[in-house]
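Summary of structural features
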Amino acid sequence: MATKVLMVAEKPSIALPIATALSGGRFSTRRGSTDVHEFDGKFLSSNAHYKVTSVIGHVFSMDFPSSYQNWEVTDPFDLFEAPVLKSESNPKAHIRRHLHHEAQGCTYLVLWLDCDREGENICYEVIECTGIRETGPGRRIYRAKFSSVTEKDIFNAMENLIQPNQDEALAVDARQEIDLKVGVAFTRFQTRYFQGKYGNLDSRVISYGPCQTPTLGFCVQRFMQITTFKPEKFWSINPYIIKDGYELLLDWERNKVFDFDIAVMFQKLVANDGNLKVIDISTKEECKPRPCGLNTVGMLKVASSSLGFGPQMAMQLAERLYTQGFISYPRTESTAYPSSFDFRTALSAQLNNPIWGKGVQMLLADGYHKPRTGSDAGDHPPITPMRLATEEMLGSDSWRLYQYVCQHFIGSVSSDCKYSRLLTCQFCRRIICLHAFKCLQHMDFVNYCPFICESR
């Protein structure tokens, strides 16, 4: 008789690629609170019947007992000593009943939750729902550690199953309880405090959040800076010259002046003497080191500043790329790769890309460099491309984020960028040329300014 194995992922979009990889695409699916994918195979060298299903995030949420829900009866200070209860987050989804039913007759439970503290906490929520105990006779619980849903990572996780970490799960319980007690106590206190103090204030509920409120403070601070700022008119000289078809903007050393007559005087000086003479070129060799691995904060910064994606949209795109198997898990604080990371395989997946494929080929042929030492937060490795994609496959927005992830990764294993900075002398001690950069590796000139200027 085949051993029964229940596998539980954090969301249906993760359960499907797990079942697809382990079954070789030969599985059946039946409906439940979440889909259940079934197939036969081997588990720990024995014949096994697999059932792969999922939750939809946290199964339980934390709240106070009903006796503490009345604002008029309970003092906010008493909430810090009050007991807390866990109840099903989404009762209509019937996830608890679903997991308990699917666990009947199963010998093994394999947990495929996200590999962070929240995921570890959901592991123990699933364990509670199934009724399978870590110390139960004849039944075992395993934890799969993975950072992407590629076949390679799924099989590697299956070959290296570990035990769930209860300490990390309890740490999340503690954080949830602190957030609940601080949030509810301060919300009740400040709602009562502000009621009736300001006529135009909607004081029915003035909520407080341990994370949201400090963020609101930053927003208010910036708003006050903007509203109290007193603008002043200023003028600047921005002369252009044309050399060999290049239009070059000359920087003014003074940058700007607040006196219009002074600005006009300098403008006339430049306009009346429009001849420039190259008297010297001074070159300084400089180096920009390759970046560390990419973490979530770094990705969100670039998404906002360069791609025009807000944090919510960027994370939605990244999550979609992850569940489709194109990038590794996008929620990570680490910028350091583990010593066992296979850079060659990750690079080889990009060989056929029409944009950066040739560069990848050169890296593999000449030898790539490991990224600079970053910080290891102990969660997931940095965000990394896992397989080749095209814009037609992903769509415009997802492609732009995927393209950045790929290019950051390729840059992190490339040699440091060495370039020449062309230092300039002053034009009448007021006008200074743009400096220029030259990549010594590719001998390409970017914004190249070929002269140092002096008035004649």
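Scroll up to find the structure this text is about.
Everything quoted here is computed from the prediction, not taken from an experiment.

**Some details on unusual backbone geometry**
In this structure, Leu 44 takes a positive phi of about 50° despite not being glycine. Turning to its location among the elements, Leu 44 is positioned in the loop between β3 (36–43) and β4 (46–54). For Ser 45, which is not a glycine, the phi torsion comes out positive at approximately 70°. Among the secondary structure elements, Ser 45 is positioned in the loop between β3 and β4. Accessibility expressed as a relative area gives 70% for Ser 45, which makes it exposed.

**Re the packing of aromatic side chains**
Counted under the stated rule, the structure contains 21 aromatic pairs. Note on Phe 43 and Tyr 50: the rings are 6.3 Å apart at their centroids and 85° apart in plane angle, and the pair reads as edge-to-face. Tyr 50 matches Phe 43 in its accessibility class, with the two residues each being buried. Here a set of aromatic residues connected by ring pairs shows up, and it is made of Phe 39, Phe 43, Tyr 50, Tyr 108 and Tyr 142. For Arg 387, the ring lying beneath its charged end belongs to Phe 326, and the centroid distance is 4.0 Å.

**Considerations on helix α11 (residues 357–366)**
Every buried residue of α11 is listed here: Gly 357, Val 360, Leu 363 and Leu 364. Buried residues along α11 cover an arc of 120° about the axis, so they all sit on one side. Facing away from the buried surface of α11 by more than 90 degrees, the exposed residues are Lys 358, Gln 361, Ala 365 and Asp 366. Contacts made by the buried residues of α11 are with α10 (343–348) and α13 (396–412). With its phi angle positive at about 105°, Gly 367 sits one or two positions after the end of α11.

**Some words on the packing of helix α1 (residues 12–23) against helix α4 (residues 151–159)**
Running from N to C, α1 and α4 cross one another at 80°; their axes reach a closest spacing of 10 Å. Comparing the axis directions of α1 and α4 gives the class roughly perpendicular. Listed contacts from α4 to Pro 17, Ile 18, Ala 21 and Leu 22 of α1 are Glu 151, Ile 154, Phe 155 and Met 158. Considering only residue class, the contact of α1 with α4 consists of seven nonpolar, no polar and one charged.

**Here we look at the packing of helix α3 (residues 117–130) against helix α5 (residues 166–194)**
Where α3 contacts α5, the two axes come as close as 8 Å, and the packing angle between them is 100°. Between α3 and α5, the crossing angle belongs to the class labelled roughly perpendicular. Note on element contacts: α5 touches α3 through Gln 166, Glu 168, Ala 169, Ala 171, Val 172, Asp 173, Arg 175 and Gln 176, opposite Arg 117, Glu 118, Glu 120, Asn 121 and Tyr 124. Here the contact of α3 with α5 is composed, by residue class, of four nonpolar, three polar and six charged.

**Topic: the nonpolar core**
Most often, soluble globular proteins have nonpolar side chains that are buried together. Judged by nonpolar contacts, the single largest core of 60 residues is most densely connected at Met 7, Ile 18, Phe 43, Val 110, Trp 112 and Tyr 402. For Ile 18, the residues in contact, after removing those within four places along its chain, are Met 7, Ala 9, Val 52, Trp 112 and Ile 154. If you look at the next biggest cluster of nonpolar residues, it comprises 22 residues, including Val 55, Val 59, Val 126 and Ile 141.

**A closer look at the sheet that holds β3**
Pairing within the open sheet is mixed, and its six strands lie in the order β2-β3-β4-β1-β7-β8. Two strands lie at the open edges of the sheet, namely β2 (28–30) and β8 (140–143), each paired on one side alone. Ignoring strand direction, the axes of neighbouring strands in this sheet form an average angle of 25°. Note: strand β7 (residues 108–112) against β8, four bridges, orientation parallel. Bridging across to β8, Tyr 108 finds its partner in Arg 140.

**Observations regarding the environment of Ala 318**
Structurally, Ala 318 can be placed in helix α9 (residues 311–323). Spatially, the C-alpha atoms of Ala 318 and Arg 331 are 9.0 Å apart, while their sequence positions differ by 13 residues. Ala 318 has contacts with Met 299, Ile 327, Pro 330 and Leu 401, leaving out every residue within four places of it along the chain.

Cut-offs applied
- Residues numbered from 1 in each chain as written.
- Predicted model: local features only at pLDDT ≥ 70, side-chain atom pairs only at ≥ 80, totals over all residues.
- Heavy atoms only, no water.
- Helix = DSSP H or I, 4+ residues; strand = E, 2+ residues; numbered from the N terminus.
- Buried < 20%, exposed > 50% of the residue type's maximum accessible area, 1.4 Å probe, protein only.
- Phe/Tyr/Trp six-rings, centres within 6.5 Å; stacked < 30°, edge-to-face > 60°.
- Lys NZ or Arg CZ within 6 Å of the ring centre and 35° of its normal.
- Arc of directions from axis to C-beta.
- Contact = heavy atoms within 4.5 Å.
- Axes fitted to C-alpha atoms, helices over the stretch in contact; angles between N-to-C directions.
- Parallel < 35°, antiparallel > 145°, perpendicular 65-115°, else oblique.
- Nonpolar A, V, L, I, M, F, W, Y, C, P; charged D, E, K, R; others polar.
- Core = buried A, V, L, I, M, F, W, Y, C linked by side-chain atoms within 4.5 Å.
- Pairing = 2+ DSSP bridges.

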